[in-house]
Amino acid sequence: MIASRNLGFVAAAATLLAAAPLSSIFERWTWLIQSAIAVAVVGGVAALTRLLRAPLWGQVLGMLAGLLLALTWLFPGGTELFAFLPTPDTLVHFGDLLQGSLQDMRAYGVEVPDTTPLLFITVLGVGGVAVLVDVLAVGLRRPALAGLPMLAIYSVPVAVYVEDVPALPFVIGAAGYLWLLVTDNVDRVRRFGRRFTGEGRDVDVWESSPLAAAGRRLAVVGVALAVVVPLAVPGMTGGLLDRFTTAGEGTGNGRPGQGGGPGRIDLFAALSGQLNQSEVTDVVKVTTNEPNPFYLRFGVADELRPDGFRVRPPNGRPANRDLPEQARRGVQQQTYRATVEVTKSLNMPYLPVYSDPVNTDGLSGNWLYDPSLGVVYSNRDNSRGKRYSFDYVRSAYTPAALRGAPSLPAEHPIKRQQTQRPLVRDVELLVQRLTQGKRNDYDTVRAIYDYFSRENGFSYSLSTKGGTSGEDIVDFLTNKVGYCQQYAAAMAWLVRAAGIPARVAFGFTNGSSSDGDATVLTNRNLHAWTEVYFDGMGWVPFDATPAYGVQGSTRSAWAPDSDAPDPEPSGTTAPGATPDDPAASAGPDRPDPANREIDPGFDPTTGAPVERAPTWPWWTAGALLALLALLALPALRRSALRRRRHGRPTPVPTPAATGDVDAIVGATPMVVVGADADRARADAHAAWDELLDTLVDYRVPVDRTETPRATAERLVREAVAEDAESASAVRLLGRAEERARYARDPLTGEPLHPALRTVRGALAARADRRTRFLAAVLPPSVLLRWRLALGDSSSRLVTTAGRVRYRLLRWSPRRLWADRAVRRA
């Protein structure tokens, strides 16, 4: 019974440790305190029922009742008895909290605040998992299966977190699961009595058995691999502003939205990669009865972090049903019909639609619509090759109507969520300066919108510059050079700093080419812009990107082109320039756009893409050269080794013995070896080593235990028996090595290197084509030497680690404590 209570405590603690990844969802730690209370109540009731020897079903009912009491006390509805006894109204209150949690999931992105509905569903889930873990680990004695409900907790942040879940919470949860397994196995082993090692001796209470030590090592290695290996795999997410893309070329090679699901796509990086491609690709064909449609949109990023905007996971209803209409106060609205055909080059879990769709045709139940984000998405399908139709409502805003829109109250959910931002001092000061004296939200937004103009030094370019401020947005506002993603994100950031909800939208501008009645949109039409929320009007688009850098750019009455030239007298117009020419606006008080850096991928006049030579052949050639250099290393090493053996340095001769030397050293005679003898021995050893490497290269067996003469005779019999010249060369090399090893006087004056060439030629003629190719390109002797060197290094490393571990174990507190106990006894 004591062991069961101990295992039940570990099961409860392991459940709380497994809930550690939830810390990446909530802003505060309230959920952990309340979950700990609920799990403690469940664990205490479980221990009490086992103390009363209740059956398993009784233990389950007791734990569920304890969880209900804990929830009643933590989340009261005001109708409880004695503050913790639930009533029927309490259950109704719990149902309302469940409904409220669904609404909060749609309204908030991670990290979420401590709202009562979200805390309730979290504590309910953790408490339910605690019940399952206790039943599996203690009641059924199947602790391994308890990992399934614990994994269910971990799957929640994995499903809703925009980026990868941090590694530390996973390690904590894995440690709790391993603790549960170890506790159960220790309890099972204790039933057999005292432990013994493999040698049959008793194991001291402080000394770990070899099996337990191996288990701990395997557990640590397993957890480490589970954390490290995913870091080496290319991720599907990234900073959605591409970390504001302040340095480098802003390049990318991924197609928009490939990989992952909704909320896990780096729309900023994908859009940047498409804009930087030199090849123009058809992406979407759209047909609409609206004369002048606005942008076709497919995604929204509305969660602002220090490294930029991120996509929040959408949450919606089936898109093949009637969709909710967005009522807009004081705005003229008209319904239109559109048909969209997505080509095979667009593969993402979003579908391009115009704003405010009211119904769709041709979509399966896999596609959902999020009214708060205005996106059509799927968790199980992609847009590739889809054809569908939809009705949508086009809203025509006016500056007067937008000026009359009241500001949102501070407690409004949209304002609370869509004005969150990191505090950057330079941004806050800039917004204060731009919005000083503005009396309504529209004038405030227009002041920020008009700031991103050529008159203030802003220009369009896909090539961006870095900065030294440490803040990406400050660098962009300082350099004033960028492309659509940066303009859209920067304006949304500044509008949020002014206290007005804003977000970044993604989609397509209007196309310039047509295919019958359909308008063709290419990868050059991909675009990002800003959407600002006005009370009673909804999300209103503002495109701050310079119009000359965006194909199909559309401007509106409430957000006109701030770079459009002002009317000038005819006398001030440059010769040959038209009033619509951007160069006509250049004057003494205006910067000349020709002096500005513009995107080399676009024609600044027509907006058409400029064909550029593809860069992939250079990358391919460089990769092939690097591969060839890597493959050539063994052959180069073999050639260098052969040259070194052929030209060994002449040893320094030893001085001859003289009577003066004998007088110095006494009566002890000195053995003198001449320089020619040393050189002959060195040449013989080098030639023999070269012969053995040649045998290895041509796959001739080599026995290191044979004498040189035995090896030479075996080669004559097996390898070069038909060639008398080669047989003589082999015997010469064997005799030279034998004399160099064992004789007083080595063999001198014999041509060893010509003999080596003769033997090498005979072996090459005898070998097949594959063996000759490998001997020349990937010599087996070099590869074998490298493998042996790697094995020796590994052995030395293991030996050194063992010695260090042995020395550390000598000072282990566990061993010192055990020795102290033995001495006292």
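Residue positions within a chain follow its written sequence, with the count starting from 1. Side-chain atom pairs in this predicted model are given and counted only at pLDDT of 80 or more, local residue features only at pLDDT of at least 70, and totals for whole chains, interfaces and linings cover all residues. Just so you know, side-chain values use all the structure's heavy atoms and leave hydrogens and water out.

### Structural notes on the overall build of the protein chain
Part 1: To qualify as a helix, a DSSP run of H or I must reach at least 4 residues; to qualify as a strand, a run of E must reach at least 2; elements of each kind are numbered from the N terminus. Tallying secondary structure elements over the protein chain gives 24 helices and 18 strands in all.
Part 2: Burial statistics for the protein chain: of 825 residues in total, 44% are counted as buried.
Part 3: Pairs at least 24 residues apart make up 73% of the contacts formed inside the protein chain by residues separated by at least 6 positions.
Part 4: Residue burial considers only the protein chains on display, and all accessible areas are found by Shrake-Rupley using a 1.4 Å probe. For the protein chain, the accessible surface area stands at approximately 42,600 Å², while carbon and sulfur atoms represent 58% of it. Only protein chains enter the accessibility calculation, which uses a 1.4 Å probe; a residue whose area is less than 20% of its type maximum is buried, one above 50% is exposed, and one in between is partly exposed. Only heavy atoms enter the contact rule, under which two residues are in contact if any of them lie within 4.5 Å.

### A word on the nonpolar core
Part 1: Throughout, nonpolar core names a set of buried Ala, Val, Leu, Ile, Met, Phe, Trp, Tyr and Cys residues whose side chains join them through atoms within 4.5 Å. Ranked by size, the top nonpolar core spans 81 residues in total, and within it Val 427, Phe 452, Leu 477, Leu 494, Phe 534 and Phe 542 carry the most contacts.
Part 2: Here this core takes eleven residues from helix H15 (residues 484–497), the largest share from any one element.
Part 3: Apart from residues no more than four positions distant in its own chain, Leu 494 is found in contact with Val 427, Leu 430, Val 431, Leu 434, Ile 448, Phe 452, Ile 473 and Leu 477.

### Brief notes about helix H3 (residues 56–74)
Part 1: The span one expects for a helix is its residue count, reduced by one, times 1.5 Å. Compared with the 27 Å implied by 1.5 Å per residue over 19 residues, the 27 Å span of H3 between its first and last C-alpha is a close match.
Part 2: All of the buried residues in H3 are Gly 58, Gln 59, Gly 62, Met 63, Gly 66, Leu 67, Ala 70, Leu 71, Thr 72 and Leu 74.

### Section: the sheet that holds strand E10 (residues 375–378)
Part 1: Strands are labelled as partners when DSSP assigns at least two bridges between them. Ordered in space as E5-E9-E10-E7, the four strands form an open sheet in which the pairing is antiparallel. With one partner strand each, in any of the chains shown, strand E5 (317–318) and strand E7 (350–351) form the two edges of the open sheet.

### Remarks on the packing of aromatic side chains
Part 1: Geometry of aromatic contacts follows a simple scheme: Phe, Tyr and Trp rings, the Trp one being its six-membered ring, pair when their centres are within 6.5 Å, and the pair is stacked under 30 degrees between planes, edge-to-face over 60, tilted otherwise. Scanning all chains against the criterion turns up 25 aromatic pairs.
Part 2: Arranged with centres 5.2 Å apart and planes meeting at 80°, the rings of Tyr 397 and Trp 558 form a pair that is edge-to-face. In this pair, Tyr 397 is assigned in the loop between strand E11 (387–396) and helix H10 (399–403) and Trp 558 in the loop between strand E18 (538–542) and helix H16 (616–646), connecting sequence segments 161 residues apart.
Part 3: When its relative accessible area of 7% is taken as the criterion, Tyr 397 is described as buried.
Part 4: Accessibility expressed as a relative area gives 5% for Trp 558, which makes it buried.
Part 5: The ring of Trp 539 carries the charged tip of Arg 503 above its face, separated from the ring centre by 4.0 Å. Placement of a charge over a ring requires the Lys NZ or Arg CZ to be within 6 Å of the ring centre, with the centre-to-atom vector within 35 degrees of the ring normal.

### Here we look at the confidence of the model for the protein chain
Part 1: Residue-level pLDDT values for the protein chain average 77, and 74% of them are 70 or greater.
Part 2: Segment residues 566–609 is flagged for pLDDT under 50; beyond a separation of four residues in sequence, or across chains, it makes 55 contacts in the model.
Part 3: Overall, residues 649–673 carries pLDDT values under 50, and its contacts beyond four positions in sequence, including any with other chains, amount to 17 contacts. A residue's pLDDT is simply how confident the predictor is in it, with values from 0 to 100.

### Side note on the side chain of Asp 693
Part 1: Relative to the helices and strands, Asp 693 resides in helix H18 (residues 675–697).
Part 2: Polar contact is defined as a pair of N or O atoms within 3.5 Å, subject to the rule that within protein one atom must be able to donate a hydrogen and the other to accept it, and that residues adjacent in sequence are counted only when both atoms are side-chain atoms. Among the polar contacts made by the side chain of Asp 693, one reaches the side chain of Arg 645 at a distance of 2.8 Å.

### Examining helix H23 (residues 780–810)
Helical periodicity: at 3.6 residues per turn, an α-helix aligns residues three or four positions apart in one direction.
Part 1: Its 31 residues place the ends of H23 45 Å apart at the C-alpha level, agreeing with the 45 Å of an ideal helix rising 1.5 Å per residue.
Part 2: Taken residue by residue, H23 has Pro 780, Ser 781 and Val 782 as its buried positions.

### A short note on a nonpolar patch on the surface
Part 1: Taken together, the side chains of Leu 624, Leu 625, Leu 627, Leu 628, Leu 630, Leu 631, Leu 633, Leu 636 and Trp 786 define a hydrophobic patch exposed on the protein surface, amounting to about 910 Å² of accessible area.
Part 2: Sort the elements by how many residues they give to the nonpolar patch and H16 lands first, with eight residues.
Part 3: Tracing the backbone through its elements, the reader meets Leu 636 in helix H16. Like charges are joined within 9 Å and nonpolar side chains (Val, Leu, Ile, Met, Phe, Trp, Tyr) within 5 Å, but only among residues with over 30% relative accessible area and no salt bridge; these make up the patches. By definition here, a salt bridge exists when the distance from a side-chain nitrogen of Lys or Arg to a carboxyl oxygen of Asp or Glu is within 4 Å.

### Things to note about the sheet that holds strand E17 (residues 526–534)
Paired through backbone hydrogen bonds, the strands of a sheet run either parallel or antiparallel to each other.
Part 1: Here we have four strands laid out as an open sheet, ordered E2-E14-E17-E18, and antiparallel in their pairing. Each having just a single partner strand, strand E2 (296–301) and E18 make up the two edges of the open sheet. Across the sheet, the mean angle separating the axes of adjacent strands is 40° when strand polarity is ignored.
Part 2: By the bridge criterion, seven bridges tie strand E14 (residues 502–508) to E17 in an arrangement that is antiparallel. Each bridged residue has a counterpart across the sheet, and for Phe 508 the counterpart in E17 is Leu 526. All axes here are fitted lines through C-alpha atoms, helices being fitted over the stretch that makes contact, and every angle between N-to-C directions spans 0 to 180 degrees.

### Comments concerning the pairing of E17
Part 1: Most of E17 is tucked away, with nine of its nine residues classed as buried.
Part 2: Of the two faces of E17, the one holding Leu 526, Ala 528, Thr 530, Val 532 and Phe 534 and the one holding His 527, Trp 529, Glu 531 and Tyr 533 are both buried throughout.
Part 3: Bridge count between E17 and E18: five bridges; the pairing is antiparallel. Looking across to E18, one finds that Thr 530 is bridged to Phe 542.
Part 4: Hairpin connection between E17 and E18: a loop of three residues separates the two successive antiparallel strands, and Gly 536 in this loop has a positive phi of roughly 85°.

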